[in-house]
Amino acid sequence: MPDLLRKLHHHPATGWLARAAGLPDPVELSRAAGPTGAQPLTGRRTAIRAAEGGYAADVLTACAVGAGGVIDPQASAIDILIFDATGCRAPADYAALYDTFHAAASRIAVNGRVLLVAAPPDATPDPVAAAAARGIEGFGRSLGKELGKTGIAVNLAYVAADALDRLDGPVRFFCGARSTYVSGQAVRLSTTAIGGDTASAGLSGKVAVVTGSARGIGLAAAQRLVEEGATVVCVDVPAASQALHDSCRAIGATALVLDIAAADAPVRLTQCLRERGGADIVVHNAGITRDRTLARMARQDWELVVDVNFRAIVAIDEALLAGQVLRDGGRVICLSSISGVSGNFGQSNYAASKAALIGYVAARGAQLGPRGITVNAVAPGFIETPMTQRMPFVPRELGRRLNSLKQGGQPRDVAELIAFLATPGSVGITGNTIRVCGQALIGA
């Protein structure tokens, strides 16, 4: 659906009025099509800067160049700016942040990318060094809000010195076009999950299952996984059977009609995946809402939301693990929500279930790391789906605009992050919750 404010700004009859009223003019966001290439940063003008005493700059340079980035100190404009802040250990070290971004912020091109890399605050016993590292997150979030109007995404990766070999995949994703609606996020890279080929992007030979995939975000995720070479099983409820089969025919996936909250769902899904030799990727996308204030909410609506959004996910994972169906090196991705981060009026059941997933992935990630399995959550913000199209005009427009990019995201934007988290190159990321919200102004 065309963006209303862009139409107003760029129509000859209304452009003057939109400008006079001070309405935002959302930039057209850069997006990628098709499977991820071997060098997703090809031709992108890249600058690497560092605070003195850091330990990541050389690795970051190698990652950027290996992905096709062009290091050109003489370039007047920058497409990608990567800053190694691992040397920031005291207040005085913040001068490097000011000096770099004071000079470079205006040189970052439309739809540019900024990636900050900092030491994990909990990796040092020195409270000043820990505070200095944590402060980079606040800096990055503020910078994202300043630069978002031109489509620039700003993100942060915390990485310890022993996890530098996990940087290649995140550099390729967060500095490329596929992260267009991911901004203001902080991810933690670790060696928790043992890894293999961390530079591999494709999913050829992998088996994936995506629940709730007849339409919307689930369908977009299934399509992206197919594009990357995975064999995909799409799951949805009987009521969506026709849409599920139509979607699967269109993208080349297999349909499984199944209510994940049914008592026999874990057994049926496990059997389906066992017949395919096991599963490598599990995307828990299915979820429901039953919105009402708590005082007016029926118990059955409370229990139904918790059952589908939380209990069913746990039951399926336990069945896959107990049956040895989820293979070593696997990827589990849960769809949380911005409501699980910040809460939302009339969604106490939904927010509780989605916040539970944030705690779930943190605990599961630590537990399954020795098998090379990562477990993460994706938390969408305002995404342009049939559900949001049915919202009243004013709440819908507010949802679209209350973020740094001043526009709603697309289902594919969420699917891009899911697809990245499904790759071998994401092995350093586990136990994380990453928002796809254009840096929404509500929540962290």
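The structure displayed is predicted, hence computed values, not measured ones.

## Concerning the sheet that holds strand β13 (residues 433-436)
Thought 1: Taken together, 7 strands build an open sheet; the order of strands is β9-β8-β7-β10-β11-β12-β13 and the sheet is parallel. Only two strands of the sheet have a single partner each, and these edge strands are β9 (254-257) and β13. Strand-to-strand, the axes of this sheet are offset by a mean angle of 20 degrees, without reference to chain direction.
Thought 2: Here 4 bridges tie strand β8 (residues 231-236) to β9, and the two strands are oriented parallel to one another. Within the sheet, the bridge partner assigned to Asp236 lies in β9 and is Val257.
Thought 3: Against the sheet, helix α12 (residues 348-368) contacts β11 (326-335), β12 (374-380) and β13, and its axis sits at roughly 160 degrees relative to β12.

## Regarding the UniProt feature "domain: Ketoreductase" (unreviewed entry) in the protein chain
Thought 1: UniProt records the feature "domain: Ketoreductase" (unreviewed entry) for residues 206-381 in the present numbering.
Thought 2: Taken end to end, residues 206-381 comprises 47% helix and 22% strand; its first and last C-alpha atoms sit 29 Å apart.

## Quick notes on the pattern of salt bridges
Thought 1: Considering all chains together, one arrives at 20 salt bridges under this definition.
Thought 2: For Arg178, the salt bridge is made with Glu416, and the minimal N-O distance between the two is 3.0 Å. Highlighted residues: Arg178 in the loop between α6 (168-174) and β6 (186-189) and Glu416 in helix α15 (residues 411-421), separated in sequence by 238 residues.
Thought 3: Among the residues examined, Arg178 registers a relative accessible area of 12% and is labelled buried.
Thought 4: Judged by its relative accessible area of 5%, Glu416 is buried.

## Observations regarding the packing of aromatic side chains
Thought 1: Counting across every chain of the model gives 5 aromatic pairs.
Thought 2: Note on Phe83 and Phe101: the rings are 5.8 Å apart at their centroids and 55 degrees apart in plane angle, and the pair reads as tilted. With Phe83 in strand β3 (residues 78-84) and Phe101 in helix α4 (residues 95-104), the pair connects residues that are 18 residues apart, well separated along the chain. Residue Phe83 shares its accessibility class with Phe101, and that shared class is buried.
Thought 3: Here the aromatic residues Phe83, Phe101 and Phe139 are joined through ring pairs into a cluster of three or more.

## Some points on the sheet that holds β3
Thought 1: An order of β2-β1-β3-β4-β5-β6 is seen for the 6 strands of this open sheet, with the pairing classed as parallel. At either margin of the open sheet sits one strand with a lone partner, and together these are β2 (70-71) and β6.
Thought 2: One ladder, built from 6 bridges, connects β3 with strand β4 (residues 108-118); its direction is parallel. Along β4, the bridge assignment pairs Phe83 with Leu116.
Thought 3: Docked against the sheet, helix α3 (residues 57-66) engages β1 (45-50), β2, β3 and β4, running at close to 175 degrees with respect to β1.
Thought 4: In the packing of helix α5 (residues 127-147) onto the sheet, contacts are made with β4, β5 (153-159) and β6, and the angle to β5 comes to roughly 165 degrees.

What counts and how
- Residues numbered from 1 in each chain as written.
- Predicted model: local features only at pLDDT ≥ 70, side-chain atom pairs only at ≥ 80, totals over all residues.
- Heavy atoms only, no water.
- Pairing = 2+ DSSP bridges.
- Helix = DSSP H or I, 4+ residues; strand = E, 2+ residues; numbered from the N terminus.
- Axes fitted to C-alpha atoms, helices over the stretch in contact; angles between N-to-C directions.
- Contact = heavy atoms within 4.5 Å.
- UniProt positions renumbered as here; feature names shortened; annotations may be inferred.
- Salt bridge = Lys/Arg side-chain N within 4 Å of Asp/Glu carboxyl O.
- Buried < 20%, exposed > 50% of the residue type's maximum accessible area, 1.4 Å probe, protein only.
- Phe/Tyr/Trp six-rings, centres within 6.5 Å; stacked < 30°, edge-to-face > 60°.

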